[in-house]
Amino acid sequence: MTRLKMGMVGGGTGSFIGDVHRKAASIDGLVELVCGAFSSSTEKSIASAETLGIAKHRAYGSFEQMIKEESKLPEEERMDFVAIVTPNHMHFPPAKMALENGFHVICDKPATLTLEESLELKKIVGTSKKVFALTHNYTGYPMVKQAKAMIAKGDLGTIRKINVHYLQGWLSTAVEKTGQKQASWRVDPKKSGIGGALGDIGTHAENLVEYITGTQIQELAADLSAFGDGRILDDDGNILLRFENGAKGTMTFSQIATGEENNLGVRIYGTKGSLDWSQENPNELVVRWLDRPKQVYTPGGNGSYPEASEYVRIPAGHPEGYLEGFATIYSSFAKELVKVKNGKPASTLPDFPTIEDGVRGMKFIYAAVESSKNNANWIKI
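Report on the accompanying structure. Every value quoted in this text rests on a predicted model; they were computed, and no experiment measured them.

It is worth spelling out the overall build of the protein at this point. In terms of regular secondary structure, the protein is built from 12 helices and 14 strands. What you see for the protein is a C-alpha radius of gyration of 21 Å, in line with the 21 Å of a compact globule of 381 residues. When its C-alpha atoms are laid out on the principal axes, the protein stretches across 65 × 50 × 40 Å. The buried share of the protein, taken over its 381 residues, is 56%. Pairs at least 24 apart in sequence give 68% of the contacts found in the protein among residues at least 6 apart.

So, in structure tokens, the structure goes:
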């Protein structure tokens, strides 16, 4: 397959998430970076382009300039899609402009700064007929695919109880006051939105359980806290969950859980068995059965379902993780984009997060904030 040409908004030299996206996009050889508005400063954007081996004339000082100039290029030369790797407040403007000018979009989560923006973006995606993907990267892990397939096939029986946690400790101290860029914009509601840790990692937990179980959160009761001195946005939260299929659950997330690194985990209990998966040990899916010994599934190992094996890149026993999860999103997005470019109809249920997931995430954030403000009242999503 001819490699798709990617333009990037944000992600200049020193950017953590920009580097992650570039590495992930290149893993399967389906995408090449050809241009970018890596910074709002033309000089900094050019400097980043030179470091990345991008031609100087394809480095732009704004996403508006990039989209405008790339649109003038011959189809075989211009970018095919835009990757948006900016803070939350800069997701909607470039996504809107790119879609309205004929470019596909892959965007970091959450989809937008506000719920209103996400609803408008959903309309734009529908009108444009372009492909939009959201990088909830944890859905790209093979053992997450295995868990989803097992539940969909009924292996675990009726799902009754769901627990998910996402614990980090990097905001245990006021690092945002030391000039740490990753922290400073995340605690600023003008750049992050109405959710702090809720929007940053709570949406990952929400998306993961809905993806794996195939059922959505119907109601929630949330208790959000801002423990950091002077912080406006939450850095810790505990939520009770009610799902559409009747299951009950809990979610706990925190960025002030001292000593934790990236402890994302999910436990799902059905009438026939349960499963347990942890992001810090992503290559093992533990399944405990009602009437037989527990099993441990691994990527490419015995018992792996085709839905999981399809995304295994290396022999069993060789670990895959964070970058590969991102790469799976990029690979699935790229294959869908090629199909659409070739005149075939878009998939109704592509196996990557879409704008629908983005709207779900924003509704989740708004419901949790409303609930917490009202003493953890139950709120419907």
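So that's the structure; there's more coming.
Moving on, we come to the sheet that holds strand 1 (residues 4-9). Within a sheet, each strand pairs with its neighbour through backbone hydrogen bonds, oriented either parallel or antiparallel. The strand order across the open sheet built from 5 strands is 2-1-3-4-5, with neighbouring strands paired in parallel fashion. What marks the edges here is a single partner per strand, and that holds for strand 2 (31-37) and strand 5 (132-134). Strand-to-strand twist of the sheet, defined as the mean angle between neighbouring strand axes without regard to direction, takes the value 25 degrees. With respect to the sheet, helix 11 (residues 322-341) is in contact with strand 1, strand 2, strand 3 (81-84), strand 4 (104-107) and strand 5, its orientation differing from that of strand 4 by roughly 170 degrees.

Moving on to the sheet that holds strand 11 (residues 273-278). Overall, mixed pairing links the 9 strands, which are arranged 13-12-11-10-6-9-8-7-14 in an open sheet. At either margin of the open sheet sits one strand with a lone partner, and together these are strand 13 (295-297) and strand 14 (379-380). Across 2 bridges, the pairing between strand 7 (residues 217-225) and strand 14 is antiparallel. By the bridge assignment for strand 14, leucine 220 is matched with isoleucine 379. Contacts from helix 9 (residues 197-213) reach strand 6 (159-167), strand 7, strand 8 (236-243), strand 9 (248-254), strand 10 (263-270) and strand 11, with the element oriented near 150 degrees to strand 9.

Remember that side chains alternate between the two faces of the sheet whenever the strand is regular. Burial within strand 12 (residues 285-289) is extensive, with 4 of its 5 residues counted as buried. As defined by bridge partners, strand 11 adjoins strand 12 across 5 bridges and the pair is classed as antiparallel. Bridge pairing links serine 274 to arginine 288 in strand 12. In terms of strand pairing, strand 12 meets strand 13 through 3 bridges, oriented antiparallel. Following the sheet pairing, valine 287 is matched in strand 13 by glutamine 295. Taking the residues between adjacent antiparallel strands as the criterion, strand 12 and strand 13 are bridged by 5 residues.

Further remarks concern the side chain of threonine 328. If you trace the backbone, threonine 328 turns up in helix 11. Residue classification places threonine 328 among the buried residues on the basis of a relative accessible area of 1%. Not counting chain neighbours up to four residues away, the residues in contact with threonine 328 comprise Gly140, Lys145, Tyr311 and Arg313.

Moving on, we come to helix 3 (residues 63-72). Buried within helix 3 are the following residues: Phe63, Met66, Ile67 and Glu70. Buried residues along helix 3 cover an arc of 95 degrees about the axis, so they all sit on one side. The outward face of helix 3, more than 90 degrees from its buried face, is lined by the exposed residues Lys68 and Lys72. Buried-residue contacts for helix 3 involve strand 1, strand 2, strand 3 and helix 4 (92-100).

So, about the packing of helix 1 (residues 16-27) against helix 11. For the pair helix 1 and helix 11, the least separation of the axes is 8 Å and the interaxial angle reads 65 degrees. Both helix 1 and helix 11 take part in a crossing whose hand is right-handed. Residue-level contacts link Phe16, Ile17, Val20, His21, Lys23, Ala24, Ala25 and Ile27 of helix 1 to Tyr322, Leu323, Glu324, Phe326, Ala327 and Tyr330 of helix 11. The residue makeup of the contact of helix 1 with helix 11, split by class, is 11 nonpolar, 1 polar and 2 charged.

What follows is about the nonpolar core. In this structure, Leu198, Ile212, Ile239, Phe253 and Leu285 are the most contacted members of the largest nonpolar core, which totals 50 residues. Per-element accounting of this core gives the leading share, 8 residues, to helix 9. If we ignore the near neighbours within four places in the chain, the residues touching isoleucine 239 are Leu198, Leu220, Ala221, Ala222, Gly249, Thr250, Met251, Phe253, Phe364 and Ala368.

Turning our attention to the pattern of salt bridges. Tallied over the full model, the rule gives 24 salt bridges. Among the salt bridges present, the one from aspartate 291 reaches arginine 292, with a minimum N-O distance of 3.5 Å. Judged by its relative accessible area of 62%, aspartate 291 is exposed. Assessed through its relative accessible area of 43%, arginine 292 is described here as partly exposed. A salt bridge links glutamate 320 to arginine 313; the shortest N-O distance between them is 3.6 Å. What makes arginine 313 partly exposed here is its relative accessible area of 28%. Residues participating in the shared-partner salt-bridge network are Lys5, Asp80 and Lys341.

Rules of the game
Residues numbered from 1 in each chain as written. Predicted model: local features only at pLDDT ≥ 70, side-chain atom pairs only at ≥ 80, totals over all residues. Heavy atoms only, no water. Helix = DSSP H or I, 4+ residues; strand = E, 2+ residues; numbered from the N terminus. Rg over C-alpha atoms; globule rule 2.2 N^0.38 Å. Buried < 20%, exposed > 50% of the residue type's maximum accessible area, 1.4 Å probe, protein only. Contact = heavy atoms within 4.5 Å. Pairing = 2+ DSSP bridges. Axes fitted to C-alpha atoms, helices over the stretch in contact; angles between N-to-C directions. Arc of directions from axis to C-beta. Left-handed = near helix turned anticlockwise from the far one by under 90°. Nonpolar A, V, L, I, M, F, W, Y, C, P; charged D, E, K, R; others polar. Core = buried A, V, L, I, M, F, W, Y, C linked by side-chain atoms within 4.5 Å. Salt bridge = Lys/Arg side-chain N within 4 Å of Asp/Glu carboxyl O.

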